[in-house]
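Architecture and fold: a report
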Amino acid sequence: MTDARVAGVGLTHFGVHPERTSRDLFAEAGLAALDDAGVAREDVAAVHYGNFMGELSEHQGHQGPLVAEALGLDVPATRYESACASSGVALRRAVRDVRNGEADVVVVGGAERMNNLETAESTDALAIAADGLYEVRAGMTFPGAYALMAASYFEQFGGSREDLAHIAVKNHANAVDNDRAQYQQAITVADALESPPVAEPLHLYDACPVTDGASALVLVSESYADTHDVSAPVAVTGTGQGGDKMALQDRQNMATSPAATDAATEAYADAGVSADDVDVAEVHDCFTIAEVMATESLGFFDPGAGITAAREGVTTKDGRLPVNLSGGLKAKGHPVGATGTSQVAELTRLLRGDHVNSEHVADAQTAVAHNAGGTVASAVVHVLETVADTEADAA
Amino acid sequence: MSDRVRDDGYDDAIDALAADEGYYLACPDGHGSLPPRHACPHCGARELTETALPETGTIDSCSTLHVATPAFADDAPYVLAVASFGAVRLTGQVRAEPGTVEIGDEVAATVGESATTGDRLVVFELR
Ligand SMILES: [Zn+2]
């Protein structure tokens, strides 16, 4: 089996771009990824594309062919929808395409247009990731669901709003120099604590923003990289996906995310690594509490121990295990369908050494991306590792 | 109340809850779930029996929501909770002032109306 190599990455600016359509956003990110990869247009075999709310925000379904066309490609193209994990799921498919020999070159990514909706409309649109009968009809919202998880976490393991504030402060600090990020300004713990409540105990600065943007990757097979002299020094060596009950009420424990634990276990086994080998991670911090649960599911911390990691400096940029060096969903932004592959784009640049924060992980060889859908009823984990750029034929 | 087509299973369960005859579905292993179901979501068993919902439940988690979807714009702020009723949990709004509800509180489940749309929803009353 061949590893899938990341040959190119592309990102639009993440931010408030209400006038830009998904096709426009994805064309920018996808063509940037193709240029970064330096692969020939005619070698691309497929496009895998994540998008969550195109029907609601743009009255546009069937976006697969639309975005392939936007890249000037005439290949099979599929849109994947798994809420906030849409492009993570698309990436898993793309990795398998390359591994099983079906394709030597694939484009994978995602896009989301959200800011053309009013706040109430985007709140409504995001809520459809929850159970429409038993959660949304009772008044569930996306922040409300994570607030219930946070309240349950505090009850079981302890923790405070101040612990969560340190996560927001960390992720904002990481985004200051990231010119793709929505929020490039530092905040203080006091700013976070004093921001208005959204769904208690979560306040505005515990939440990711509403974001427009796109991300894309070009994956190639090892043999294609070698024979076409394509630089692809990062490999996707592990992939895993987990599932859980759709509604929070049907989970055994609202303060843990077993779907992500399952995804991580599978991805680590696939790559032949363990949590201890991970040097840097991008995790799905749609809310500060989500970063806590993600890092615990990934095995970085025991259940109940992740809450203080940012506060104690373990996951900060100069800590033992930097988490969300891009700024995370919190500060980089969360264009829902684009998030999963944006994490891998950021990690690839961090490992390649051409990310603005690469200096903080100069010796890193192993990275993990954690992308979650809804209240983690879907979870996708990928392991990335640096590889020698041109492998010896004898290997 | 908006005039939508009924949802089999869901609307039947809400009708029953409104009539003080709330029920859930139990599988032979005792797992609870809410209709419509053709299989137990926990073990896949196909024999599901309508079983009376216990009269009181316990709040497992709760939050005061300040930002609502348009369907609850006039209801906010409201207390949203997940409460255990034996083998099954329900999600609903607690009919109590924000700040007065805590995890572990005992509640009864019934059906109320959204102040915004008049649509019915599961609500909890503190016991
Ligand atoms: Zn069962």
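Residues numbered from 1 in each chain as written. Chains lettered and ligands numbered in written order. Predicted model: local features only at pLDDT ≥ 70, side-chain atom pairs only at ≥ 80, totals over all residues. Heavy atoms only, no water.

In the nomenclature of an unreviewed UniProt entry, chain B corresponds to ChsH2 C-terminal OB-fold domain-containing protein from the organism Halobacterium salinarum.

As annotated in an unreviewed UniProt entry, chain A carries the name Acetyl-CoA C-acetyltransferase/acetyl-CoA acyltransferase and is attributed to Halobacterium salinarum.

1. As for the overall build of chain B
Spelled out, the test is: Each helix corresponds to a stretch of at least 4 residues labelled H or I by DSSP, and each strand to a stretch of at least 2 residues labelled E; elements are numbered beginning at the N terminus. Between the two quantities, the radius of gyration covers C-alpha atoms and the globule rule is 2.2 Å times the number of residues to the power 0.38. Residue contacts are defined here by distance: any two heavy atoms, one from each residue, within 4.5 Å place the two residues in contact. Charge convention: Lys and Arg are scored as positive, Asp and Glu as negative, and His as well as the terminal groups of each chain are ignored. Charge positions come from single atoms, namely NZ of Lys, CZ of Arg, CG of Asp or CD of Glu.
Within chain B one finds one helix and eight strands. Order of helices (α) and strands (β) in chain B, N terminus to C terminus: α-β-β-β-β-β-β-β-β. The C-alpha radius of gyration computed for chain B amounts to 15 Å, which stays within 12% of the reference 14 Å derived for 127 residues, consistent with globular compactness. Taken over the C-alpha atoms alone, chain B extends approximately 40 × 35 × 25 Å along its principal axes. Within chain B, residue pairs in contact and separated by at least 24 positions form 50% of the contacts whose partners lie at least 6 positions apart. When the 8 basic and 22 acidic side-chain charges of chain B are each reduced to a single mean position, those positions are 5 Å apart.

2. Some words on the nonpolar core
All names here are of chain A. Test applied: Nonpolar cores were defined as sets of buried Ala, Val, Leu, Ile, Met, Phe, Trp, Tyr and Cys residues, with membership established by side-chain atoms within 4.5 Å. The buried label goes to any residue with under 20% of its type's maximum accessible area, the exposed label to any with over 50%, and the partly exposed label to all in between, with areas taken from a 1.4 Å probe on protein chains only.
Grouped together as the largest cluster of nonpolar side chains are 75 residues, with contacts concentrated most on Y146, Y268, I289 and F300. At nine residues, the largest contribution of residues to this core is made by helix α6 (residues 142–157). Setting aside its immediate chain neighbours within four residues, Y146 contacts L202, C286, F287, I289, A290, G374, T375 and V376. The next biggest cluster of nonpolar side chains, apart from the first, holds 35 residues, and it includes Y80, A90, V98 and V108.

3. Considering the coordination of the zinc ion
All names here are of chain B. Selection criterion: Keep in mind that water is not among the atoms, so a site may look incomplete; donors are the N, O and S atoms within 2.8 Å of the metal, or 3.2 Å for Na, K and Ca. In this scheme the shape depends on donor count and angles: four donors with every angle between 85 and 135 degrees give tetrahedral, four or six donors with opposite pairs above 155 degrees and others between 65 and 115 give square planar or octahedral in turn, and any other case is irregular.
Note on the zinc ion: its protein donors are C27 (SG), H31 (ND1), C40 (SG) and C43 (SG). The metal-donor distances range over 2.1 to 2.3 Å. Classification of the site at the zinc ion as tetrahedral follows from its four donor atoms and the range of 101 to 116 degrees in their angles at the metal. Each donor residue of the zinc ion belongs to the same chain, and together they define the spacing C-x3-H-x8-C-x2-C.

4. Describing the pairing of strand β7 (residues 213–221) of chain A
Residue and element names in this part refer to chain A. Selection criterion: Here, any two strands with at least 2 DSSP bridges between them count as paired.
β7 sits mainly inside the fold: nine of its nine residues count as buried. A two-sided burial pattern is seen for β7, the buried positions comprising G213, S215, L217, L219 and S221 on one face and A214, A216, V218 and V220 on the other. Two strands pair when backbone bridges link them, and strand β1 (residues 4–11) and β7 are joined in this way by seven bridges, in the antiparallel orientation. Within β7, the residue paired with G8 across the bridge is V218. Looking at chain direction, strand β4 (residues 105–112) and β7 are connected through eight bridges and run antiparallel.

5. Concerning the packing of helix α7 (residues 161–175) of chain A against helix α11 (residues 288–297) of chain A
All names here are of chain A. Rules: With axes taken as lines fitted to C-alpha atoms, and helix axes fitted only over the stretch in contact, angles between N-to-C directions fall between 0 and 180 degrees. With respect to orientation, any angle under 35 degrees is reported as roughly parallel, any angle over 145 as roughly antiparallel, any angle of 65 to 115 as roughly perpendicular, and every other angle as oblique. Residues are grouped as follows: nonpolar covers Ala, Val, Leu, Ile, Met, Phe, Trp, Tyr, Cys and Pro; charged covers Asp, Glu, Lys and Arg; every other residue, Gly included, is treated as polar.
At their nearest, the axes of α7 and α11 sit 8 Å apart, and the two run at 95 degrees to each other. Compared by their axis directions, α7 and α11 come out roughly perpendicular. Contacts between α7 and α11 involve L164, I167, A168, K170 and N171 from the former and T288, I289, E291 and V292 from the latter. Its residues assigned to classes, the contact of α7 with α11 shows five nonpolar, two polar and two charged.

6. Some words on helix α5 (residues 119–127) of chain A
Along α5(A), the positions that sit buried rather than exposed are S122(A), T123(A), A125(A), L126(A) and A127(A). Buried positions along α5(A) lie against α2 (54–57) and α6 of chain A.

7. Focus on the packing of aromatic side chains
What counts here: Aromatic pairing here means that ring centres of Phe, Tyr or Trp (its six-membered ring) are within 6.5 Å. Orientation follows from the plane angle: under 30 degrees is stacked, over 60 is edge-to-face, and everything else is tilted.
Per the counting criterion, the structure on display carries eight aromatic pairs over all chains. Relative to Y10(B), the ring of Y134(A) has its centre 5.1 Å away and its plane inclined at 70 degrees; by these criteria the two rings are edge-to-face. Separated into two different chains, Y134(A) in the loop between α5 and α6 and Y10(B) in helix α1 (residues 10–18) make up a pair that spans both. Judged by its relative accessible area of 10%, Y134(A) is buried.

8. A look at the pattern of salt bridges
Between side chains of opposite charge, pairing is possible as soon as their charged atoms come close. The condition that has to hold: Note on definitions: salt bridges are taken to be side-chain nitrogens of Lys or Arg within 4 Å of carboxyl oxygens of Asp or Glu.
All chains considered together, the criterion is met by 22 salt bridges over all chains. For R99(A), the salt bridge goes to D270(A), with nearest N and O atoms at 2.9 Å. Of this pair, R99(A) sits in helix α4 (residues 86–99) while D270(A) is found in helix α10 (residues 258–271), placing the two residues 171 residues apart along the sequence. A salt bridge links R6(B) to D15(B), with the nearest nitrogen and oxygen atoms 3.0 Å apart. Accessibility expressed as a relative area gives 31% for D15(B), which makes it partly exposed. Through salt bridges that share partners, R137(A), R4(B), R6(B), D7(B), D11(B), D12(B), D15(B) and R120(B) make up one connected network.

9. Focus: the UniProt feature "domain: Thiolase C-terminal" (unreviewed entry) in chain A
Stated precisely, the cut-off is as follows: UniProt positions are given in the numbering used here, feature names are shortened, and annotations may be inferred rather than shown by experiment.
Mapped onto this numbering, the UniProt entry annotates "domain: Thiolase C-terminal" (unreviewed entry) at residues 240–386 of chain A. As annotated, residues 240–386 of chain A has a helix share of 29% and a strand share of 16%, and its two end C-alpha atoms lie 19 Å apart.

10. Some remarks on the sheet that holds strand β2 (residues 32–33) of chain B
Residue and element names in this part refer to chain B. Read from one edge to the other, the open sheet built from three strands follows the order β2-β1-β3, with strand pairing classed as antiparallel. In this open sheet, the two strands that pair with only one neighbour each are β2 and β3 (49–52). Two elements, strand β1 (residues 23–26) and β3, share four bridges in a ladder whose sense is antiparallel. Each bridged residue has a counterpart across the sheet, and for L25 the counterpart in β3 is E50.

11. Focus on the sheet that holds strand β3 (residues 77–80) of chain A
All names here are of chain A. The mixed open sheet is built from nine strands, whose spatial order is β3-β2-β4-β7-β1-β8-β11-β10-β9. A strand with exactly one partner marks an edge of an open sheet, and here the two such strands are β3 and β9 (280–282). Sheet twist, expressed as the mean angle between neighbouring strand axes with direction ignored, is 25 degrees. With five bridges connecting them, strand β2 (residues 46–50) and β4 associate as parallel partners. Opposite V47, over in β4, you have V107 as the bridge partner.

12. Structural notes on the interface of chain A and chain B
So the rule is basically this: When two components associate, each loses some accessible surface as probed by a 1.4 Å sphere; the sum of these losses over both components is called the buried area. Here a polar contact is taken to be a pair of N or O atoms separated by no more than 3.5 Å, where protein atoms must pair a possible hydrogen donor with a possible acceptor and residues adjacent in sequence count only if both atoms sit in side chains.
Contact with chain A, which involves 29 residues of that partner, is made by 35 residues of chain B. Buried surface at the junction of chain A and chain B, summed over both partners, amounts to about 2,700 Å²; 59% is from carbon and sulfur atoms. Three residues stand out in chain A for area buried against chain B, namely Y134(A), R137(A) and Q249(A), and they jointly supply 26% of the buried area on that side. Linking D250(A) and R37(B) is a salt bridge whose minimum nitrogen-to-oxygen distance equals 3.7 Å. For the interface between chain A and chain B, the tally reads 15 residue pairs in polar contact (both at pLDDT 80 or more). Elements supplying a minimum of two residues to the side of chain A that touches chain B: α5, α6 and β5 (197–199) of chain A.

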